[in-house]
Amino acid sequence: MPILFLLFTCLSGIFQTASAQCPDYSSYSMATHEPLSAGKYQLSYQRPTAECRKFNLSDVEVTIQEMKDVVKDPDLFRLFENAFPNTLDTTVTWKGYSSNDSTEELTFITTGDIVAMWLRDSANQMRSYKSLLKASDSPDSLASLFRGAINLQARYILRNPYCNAFQAPTESGLPPENNGYADTDQVKPPFNTSFVFECKYELDSISAFLQLSFDYYDKTQDADFFGKFQWINAVQTVLDTAEGLLIGTYADDGSVNESPYTFQRQSTSATETLTNSGAGNPVKGGTGLVRSAFRPSDDSTIYQLFIPANMQFSSYLGKCAEIMQAHDAELAQQMSDFASSVRNGIETYGKVQHAVLGEIYAYEVDGFGSSNLMDDANVPSLLSAPILDYLDAADETYQNTRKFVLSTWNPYYMHGPVLNGTGGPHVGPGKAWPMSIITSLLTSDDDSEIVAGLQMLVSSTDGLGLIHESVDTFNASQWTREWFSWANGLFGEMLLGLRDRKPYLLATSFQ
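Worth saying up front: this structure is predicted, and the values here are computed from it rather than measured.

Brief notes about the pattern of salt bridges
In total, this model carries 27 salt bridges according to the counting rule given. Across the salt bridge formed by Asp-59 and Lys-134, the nearest N and O atoms sit 2.5 Å from each other. Highlighted residues: Asp-59 in helix H3 (residues 58-70) and Lys-134 in the loop between helix H6 (119-127) and helix H7 (142-159), separated in sequence by 75 residues. Taking the shortest distance from any N to any O, the salt bridge between Arg-127 and Asp-215 comes out at 2.9 Å. Of the two residues, Arg-127 is situated in helix H6 and Asp-215 in helix H8 (residues 203-220); the sequence distance between them amounts to 88 residues. Considered together, Arg-127 and Asp-215 belong to a single accessibility category, that of buried residues. Counted as one network, the salt bridges with shared partners bring together Arg-120, Asp-121, Glu-202, Asp-204 and Asp-298.

Examining the packing of aromatic side chains
Going through the model one piece at a time under the given rule, you end up with 22 aromatic pairs. Between Tyr-216 and Phe-226, the aromatic rings sit 5.9 Å apart at their centres with planes inclined by 65°, giving edge-to-face as the arrangement. Residue Tyr-216 is found in helix H8, and its partner Phe-226 is found in the loop between H8 and helix H9 (231-244); the two are separated by ten residues along the sequence. Residue Tyr-216 shares its accessibility class with Phe-226, and that shared class is buried. Seen in terms of ring centroids, Phe-306 and Tyr-363 are 4.9 Å apart; in terms of plane orientation they differ by 75°. Their pairing is edge-to-face. Within this pair, whereas Phe-306 is found in strand E8 (residues 305-306), its partner Tyr-363 is found in the loop between strand E10 (358-361) and strand E11 (364-365), the two being separated by 57 residues in sequence. On the basis of relative accessible area, Phe-306 is assigned to the buried category, the value being 0%. You can call Tyr-363 buried: its relative accessible area is 0%.

Side note on the sheet that holds strand E3 (residues 117-118)
Here three strands make up an open sheet; going across it, the order is E3-E4-E6 and the pairing antiparallel. Of all the strands in the sheet, just E3 and strand E6 (196-198) have a single pairing partner and so form its edges. Examined bridge by bridge, E3 and strand E4 (residues 165-166) share two bridges and lie antiparallel to one another. Residue pairing in the sheet places Met-117 in a bridge with Phe-166 of E4.

Some details on the nonpolar core
Core analysis: the largest hydrophobic core is formed by 143 residues, its most contacted members being Phe-209, Phe-313, Phe-491, Met-494 and Leu-495. If sequence neighbours within four positions are ignored, Phe-491 has contacts with Leu-76, Leu-79, Phe-80, Ala-83, Ile-438, Leu-457 and Ile-467.

What about helix H13 (residues 396-405)?
Where burial is concerned, most of H13 is hidden: seven out of the ten residues are buried. Elements that come into contact with the buried residues of H13 comprise strand E9 (351-354), E10, strand E13 (413-414), strand E14 (421-422), helix H14 (434-442) and helix H15 (447-458). If you check the start of H13, you find a side-chain oxygen 3.1 Å away from the backbone N of Thr-397, and it comes from Asp-395.

Structural notes on the confidence of the model for the protein chain
Caution applies to low-pLDDT parts of the model: their predicted coordinates are not meant to be read in detail. Mean pLDDT over the protein chain: 96, with 96% of residues reaching 70 or higher. Note that residues 1-17 has pLDDT below 50 and, in this model, 18 contacts with residues that lie over four places away or in other chains.

A word on the state of the cysteines
Here the structure, examined in full by the defined rule, presents two disulfides. At a sulfur-sulfur separation of 2.0 Å, the disulfide partner of Cys-22 is Cys-52. Linking Cys-22 and Cys-52, the disulfide has an S-S dihedral of approximately -90° and is accordingly described as left-handed. One end of the pair, Cys-22, is in the loop between helix H1 (3-20) and helix H2 (25-28); the other, Cys-52, is in the loop between H2 and H3, with 30 residues separating them in the sequence. Between the sulfur of Cys-163 and that of Cys-199 lies a disulfide, 2.1 Å long from S to S. Taking the torsion about the sulfur-sulfur bond, which here is approximately -80°, the covalent link between Cys-163 and Cys-199 counts as left-handed. With a gap of 36 residues between them, Cys-163 in the loop between H7 and E4 and Cys-199 in the loop between E6 and H8 connect regions that are remote in the sequence. Of the two residues examined, Cys-163 and Cys-199, each falls in the buried class. The disulfide pattern of the protein chain is 1-2, 3-4 when the bonded cysteines are numbered in sequence order.

Some remarks on the sheet that holds strand E16 (residues 470-472)
Backbone hydrogen bonds hold the strands of a sheet together, and the pairing may be parallel or antiparallel. Spatial ordering of the open sheet is given by E15-E16-E17, a layout of three strands whose pairing is antiparallel. The open sheet has two edge strands with one neighbour each: strand E15 (431-432) and strand E17 (475-480).

Description of the pairing of E9
Side chains Val-352 and His-354 project from E9 onto a buried face, and the interleaved Lys-351 and Gln-353 project onto a face without burial. Pairing of E9 with E10, which is carried by four bridges, proceeds in the antiparallel orientation. When the bridges of E10 are listed, Val-352 appears paired with Ile-360. Count of turn residues in the E9/E10 antiparallel hairpin: three residues.

The rules behind these values
- Residues numbered from 1 in each chain as written.
- Predicted model: local features only at pLDDT ≥ 70, side-chain atom pairs only at ≥ 80, totals over all residues.
- Heavy atoms only, no water.
- Salt bridge = Lys/Arg side-chain N within 4 Å of Asp/Glu carboxyl O.
- Helix = DSSP H or I, 4+ residues; strand = E, 2+ residues; numbered from the N terminus.
- Buried < 20%, exposed > 50% of the residue type's maximum accessible area, 1.4 Å probe, protein only.
- Phe/Tyr/Trp six-rings, centres within 6.5 Å; stacked < 30°, edge-to-face > 60°.
- Pairing = 2+ DSSP bridges.
- Core = buried A, V, L, I, M, F, W, Y, C linked by side-chain atoms within 4.5 Å.
- Contact = heavy atoms within 4.5 Å.
- Polar contact = N/O pair within 3.5 Å; in protein donor to acceptor, adjacent residues only side chain to side chain.
- pLDDT = per-residue confidence, 0-100.
- Disulfide = S-S within 2.5 Å.

Laid out in structure tokens, this is it:
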């Protein structure tokens, strides 16, 4: 066994022993801790003590101190101070090296209150720090965290490309987590629960791997890294998987095509399983769109031609072609062509005419003419299309879609005296997700909209000073998920973006 791997195994054991002496963050994040913020909301301080933080990065600490001079409202700053470092403080659960190659970095990033690595969540958790990312060979660097996450995601995809959430790597010494919800799952192709935590096929999961890859390359220009380990093979697997899901329900002669993926779960919730013996509702082939059985909320799609995930896939597959060009020009061209084909499918089949708002993007379509007009808070969403780098926020169809999403035309737009934003079937009506408000601010140039959104966010944490999954629009003390690291990071990312493009808004008082 390589000496470096043995060293990291030893250090991992020391780390786990130290961690055992630290409070469980699920409990910690539900209590208030002094010093409270000096504003009227008196928000709790929620960072673990320095010795209990999972990964320390000086650039993050410097950024927090710099933002203290920019964000004048004490409650808004406290929310940033807690939320921005949350992934590094609490969810970089293990970092080390592959047992097969002592130079292959691995980073296991959990969602927060669930000890498993979602491809989508972990990619977005890392994106929170993209503005600080720079090239570095140091194992203590942010670049190393990104490389480790890319390598581990590649491992997961190579073995189970239809799955969305995974167990800790064996090198970590962490035991597999039990997912009781999945006890009754019948999935094709099958998977091993010691490796996979959940196997809901979501196009956005494999798209998130491409997004994470491009985020690293975009800031470091380190094309060589992608040729060293399993990235090229993983991209080929992504292509093969997506191409297999271009298939429609019916062949030209009327016979039923065999679906490459099926999923059934015993549940009282319709969004936890798929119709038609696990294949889902029928879709038409030949649209150029890639099927997705589930959404980024982990809820099943109604129509499997899910437009936001196709936007994300098209965008980052095309961008990653630039990385591939340095390693395999033929595969790079295949990626570019596929990305263009999916874009054509979106623009041809993914738009509908709304009676009041004009041309908008549908959330889901089936290719036969049916469409689902809604939006969900989870990214990728229709609202998030500009931050997926799919289109410009000024695009007319997007602006019409944005008006739809942030209005009562959207059946999952929740509004009330506490906050207004989109939710979704995952937690049901009446619960708005702060993530959707953050996304609306990331895609807005309207000062009044941004200030109103910041007011809702800072006033709806129930005094805990963290971004929750959802909040009751009539009662801020009714919320879900005390520890949702992705949403915390997205808030930090949004506030840093405001610092760069509208710093004067961060001088606003919310008292």
